[in-house]
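# Structural characterization, general
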Amino acid sequence: MPPARLSFKGTVSTLRAFAPLFATNARQAAQRFEELLLALAADLVPDRPHRSEPRAIKRRPKVYQLMTKPRHHMRVSISRRQ
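Description of the structure in this document. Please read all numbers here as calculations on a predicted model, not as lab measurements. (Residues numbered from 1 in each chain as written. Predicted model: local features only at pLDDT ≥ 70, side-chain atom pairs only at ≥ 80, totals over all residues. Heavy atoms only, no water.)

The secondary structure content of the chain amounts to two helices and zero strands. For the chain, the C-alpha atoms occupy an extent of roughly 75 × 40 × 20 Å along the three principal directions. Across the 82 residues in the chain, those meeting the buried criterion constitute 11%. For the chain, the separation between the mean place of its 17 positive charges and that of its 5 negative charges on side chains is 26 Å. (Helix = DSSP H or I, 4+ residues; strand = E, 2+ residues; numbered from the N terminus. Buried < 20%, exposed > 50% of the residue type's maximum accessible area, 1.4 Å probe, protein only. Lys, Arg positive; Asp, Glu negative; His and termini not counted. Charge placed at Lys NZ, Arg CZ, Asp CG, Glu CD.)

Written out as structure tokens, the structure is:
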């Protein structure tokens, strides 16, 4: 399978599930490894052609004023007083 089609979360979960099996019996490790690869290949993400994942910083607007002066010089704005 192409690596882009493998589910990262599914791979981590499958590896955690198989970890105790590898630790207990070294003679069957090759067979367990084949089973692990088949389980990883079965958990695919859908093919999404022409998908774009742009990176952008999204900052939510906050109602607080920016701290533009040292803390001991700042005063709460009149609109924030209650």
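Read on for the rest.
With that settled, the discussion passes to the pattern of salt bridges. Throughout the structure, instances matching the rule amount to one salt bridge. Residue Arg 32 pairs with Glu 35 through a salt bridge whose shortest N-O separation is 3.9 Å. On the criterion of helical spacing, the pair formed by Arg 32 and Glu 35 is a turn pair, its members being three residues apart in helix α2 (residues 29-42). Since its relative accessible area comes to 22%, Arg 32 is described here as partly exposed. (Salt bridge = Lys/Arg side-chain N within 4 Å of Asp/Glu carboxyl O.)

Let us now look at a nonpolar patch on the surface. On the surface, a cluster of nonpolar side chains totalling about 270 Å² of accessible area is made up of Met 1, Leu 6 and Leu 44. Relative accessible area serves as the criterion here: at 32%, Leu 6 is assigned to the partly exposed category. (Patch = residues over 30% accessible without salt bridge, like charges linked within 9 Å, V, L, I, M, F, W, Y side chains within 5 Å. Areas by Shrake-Rupley, 256 points an atom, 1.4 Å probe, with all protein chains shown as cover.)

Here we come to the side chain of Thr 14. Along the chain, Thr 14 turns up in helix α1 (residues 8-24). Exposure remark for Thr 14: the relative accessible area of 14% places this residue in the buried category. A polar contact of 2.7 Å, which involves the side chain of Thr 14, links it to the backbone oxygen of Gly 10. With residues near it in sequence (within four places) discarded, Thr 14 still touches Leu 36, Ala 39 and Leu 40. (Polar contact = N/O pair within 3.5 Å; in protein donor to acceptor, adjacent residues only side chain to side chain. Contact = heavy atoms within 4.5 Å.)

Below, the discussion takes up the environment of Arg 75. Counting through the fold element by element, Arg 75 comes out in the segment after α2. For Arg 75 and Ser 7, which are 68 residues apart along the polypeptide, the C-alpha to C-alpha distance reads 51 Å.

Moving on: α1. Look at α1: 25 Å from first C-alpha to last across 17 residues, which is about the 24 Å you get at 1.5 Å a residue. At Phe 18, α1 shows its strongest bend, of approximately 35°, with the proline Pro 20 following within four residues. Lining the buried residues of α1 we find α2. The distance from a side-chain oxygen at the start of α1 to the backbone nitrogen of Gly 10 is 3.0 Å, and the residue carrying that oxygen is Ser 7. (Expected span 1.5 Å × (residues − 1). Bend = angle between axes of the 7 residues up to and from the residue.)

We now examine the environment of Asp 43. Take Asp 43: it is sitting in the segment after α2. Residues Asp 43 and Phe 33, spaced ten residues apart in sequence, show a C-alpha to C-alpha distance of 16 Å. When neighbours within four sequence positions are excluded, Asp 43 is seen to be in contact with Arg 5, Leu 6, Ser 7 and Gly 10.

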